[in-house]
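Each chain is listed here by its residues.
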Amino acid sequence: MIVGDLLELDDLHIEVAWASPHLLDREVTGVTSTDLQDPARYLQRGELVLSGLVWWRPDEGQGAMRFANSLRTAEVAALLAGEGTHGSVPPELVEACRRHGIPLLSVPAGTSFRSVTDRVYLRLWGDLQAHAEGQAALPAAARRALTQLIRDQAALDHLLERAVADLGLPACSLTTGAGRVLGTSEPAAAPAPKLPGLSALSARHTGPVPVPVGPPGESPFDGWLLRPHTEPGPTATALLHGLAELLTPLATRERATATAQRQTGTRLIELLDSGGDTEAEAERALALSGLPPHRRLTAVAARIDGAPATWTAAALAEALHELDAPFVAAPDGRGGAAALSPAPEERIAQVLRSVLPRLDAALTGGRRLRLGTGATVDPLARELRTALVQARYALHVEPPGTVGRSARITSLETLLRGVPVEITADFRRRLLAPLIEHDRTNTVSLLDTLDAFLRHSASWSRTAEALHLHVNTVHYRIKRIEELTGRSLLKLEDRLDLWAALRCRPV
């Protein structure tokens, strides 16, 4: 496929904004979407770049030049600029592409980027199949039948059922690297197969070896795998590899779409976190994010300590796919990832809890995934910013392996869990150090006495009863606590400080 082929797709209404004839002959290797101003690190040589031009601002003189220079550095095939944001392709961008030798095509507001992406990959896939005809393991008749199903965008379940029936393969499923089932050849009425590697890390090395579909992912959560449910023989193994090759363009297209969504999300999260002068720009990016308009949104945060933020974003997207609701998930620039979805917070928390064991099983080296949810709020930048802060705090409230929820932070104890241990431990030490030192060298624990006294609402008699002491002994110990800490247990604020210190975790 060459760049000029796009002009022949009449239903997409793509036109030339600037290009010379020889530039339209450039070979196309793929397509990706971006609204970053410097996307070079995300692009591959020969790709078509789709951009909604959210990054472009009329008052920023060199923005178009920087963007075009980034495309030239990546050696892309062409730029497809959407007219939906600004009404037309800015003249500054036309001039920048002319100077840098980047073919520039315009995409009208009525043409979705997904439609362009699908058509490009179907064309590339058709070219690949024409080249591979007769060379791969699949019989020609079966290849043609499956090819037609792919062109008709048949469901993956149906595609696998047909492949199993026509090729005599064992039942199989198509999954993501982390085990999410994308399609299966099992009849709907039959119980779902217990696939190897989907429930525990130890099971990942048992059962039939899965066949990779397309290039491997950058994280344990990326990539597609074709998993036979029973051990295939040599002939079936060759056919499975042929089927995987046939499915590769679908996996590549899905990966490109996920990358584009992640880039859009990165810009949106960045703008929401910035606040101030970016408020209007953030809401414009939100409108172009693909999330349904005028719907309340829930914020989600994730983190994998010791792993790249791209891993965390992939894990978070993998989890949210189970919602059957739209979402935007991306690295948040703080070492973790963040997401927005119109699904209710309670539903999201339920789904996250159910998939967390599967996602943790994909990690090695003792890494664990942390997840937290914020409030469900109106789709306004200031409201979403607050919800993101809540979600990031909530993921530290519970230990790894559980889901923190800001809605469950309803006590001082749960509030303190989200404070970094370096802060809480120091607070505990400064307030309770004299009592800790006392208890090291005495059989009487003043810390236990203080805890019991505060738990019983400063009642002398109930504290004495709980500790099996005389009331006078309790009076003596409390007086000693006040002397050592310099706090009065008659004052509410001092009681609260000491109660909080007792609830803080030591190092």
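Here's what I pulled together on the structure shown here. (Residues numbered from 1 in each chain as written. Predicted model: local features only at pLDDT ≥ 70, side-chain atom pairs only at ≥ 80, totals over all residues. Heavy atoms only, no water.)

### Considerations on the overall build of the chain
The helix and strand tally for the chain stands at 16 helices and 14 strands. Principal-axis analysis of the C-alpha atoms gives the chain an extent of 95 × 65 × 35 Å. Residue burial in the chain is summarised as follows: out of 507 residues, 50% are buried. Within the chain, counting contacts between residues at least 6 apart in sequence, those at least 24 apart form 68% of the total. Of the roughly 23,700 Å² of accessible surface on the chain, a fraction of 52% belongs to carbon and sulfur atoms. Here the chain carries 54 positive and 59 negative side-chain charges, and the mean point of each set is 6 Å from the other. (Helix = DSSP H or I, 4+ residues; strand = E, 2+ residues; numbered from the N terminus. Buried < 20%, exposed > 50% of the residue type's maximum accessible area, 1.4 Å probe, protein only. Contact = heavy atoms within 4.5 Å. Areas by Shrake-Rupley, 256 points an atom, 1.4 Å probe, with all protein chains shown as cover. Lys, Arg positive; Asp, Glu negative; His and termini not counted. Charge placed at Lys NZ, Arg CZ, Asp CG, Glu CD.)

### A look at unusual backbone geometry
Despite not being glycine, Glu75 has its phi angle at roughly 60 degrees, a positive value. Within the secondary structure layout, Glu75 lies in the loop between helix H1 (63-74) and strand S4 (78-82). In this structure Glu75 comes out as partly exposed when scored by relative accessible area, which is 45%. Positive phi, normally seen in glycine, also occurs at Ala458, with a value near 60 degrees. Its place among the elements puts Ala458 in the loop between helix H13 (446-455) and helix H14 (460-467). Residue Ala458 is classed as buried on the basis of its relative accessible area of 14%.

### Comments concerning the environment of Arg144
Among the secondary structure elements, Arg144 is positioned in helix H4 (residues 140-151). Classification of Arg144 by relative accessible area gives exposed; the value is 53%.

### Description of the side chain of Arg180
Tracing the sequence through the fold places Arg180 in the loop between strand S6 (172-176) and strand S7 (181-184). The exposure class assigned to Arg180 is buried, which follows from its relative accessible area of 14%. In terms of polar contacts, Arg180 uses its side chain to reach the side chain of Glu318, at 3.4 Å. In this structure Arg180 touches Leu174, Thr175, Glu318, His321, Glu322 and Arg358, once residues within four positions along its chain are discounted. (Polar contact = N/O pair within 3.5 Å; in protein donor to acceptor, adjacent residues only side chain to side chain.)

### What about the sheet that holds S7?
Spatial strand order, S7-S6-S9-S8: four strands in an open sheet with antiparallel pairing. A single partner strand is all that each edge strand has here, and the edge strands are S7 and strand S8 (211-213). Adjacent strand axes in the sheet meet at a mean angle of 25 degrees, parallel and antiparallel pairs treated alike. Here S6 runs beside S7; their pairing, made up of three bridges, is antiparallel. Along S7, the bridge assignment pairs Leu174 with Gly183. (Pairing = 2+ DSSP bridges. Axes fitted to C-alpha atoms, helices over the stretch in contact; angles between N-to-C directions.)

### Quick notes on the pattern of salt bridges
Going through the model one piece at a time under the given rule, you end up with 28 salt bridges. With a shortest N-O distance of 3.2 Å, Arg487 and Asp494 are connected by a salt bridge. According to the relative accessible area criterion, Arg487 is partly exposed, its value standing at 23%. Asp494 sits in the buried class, given a relative accessible area of 10%. The network of salt bridges with shared partners includes Arg57, Arg267, Glu270 and Glu281. (Salt bridge = Lys/Arg side-chain N within 4 Å of Asp/Glu carboxyl O.)

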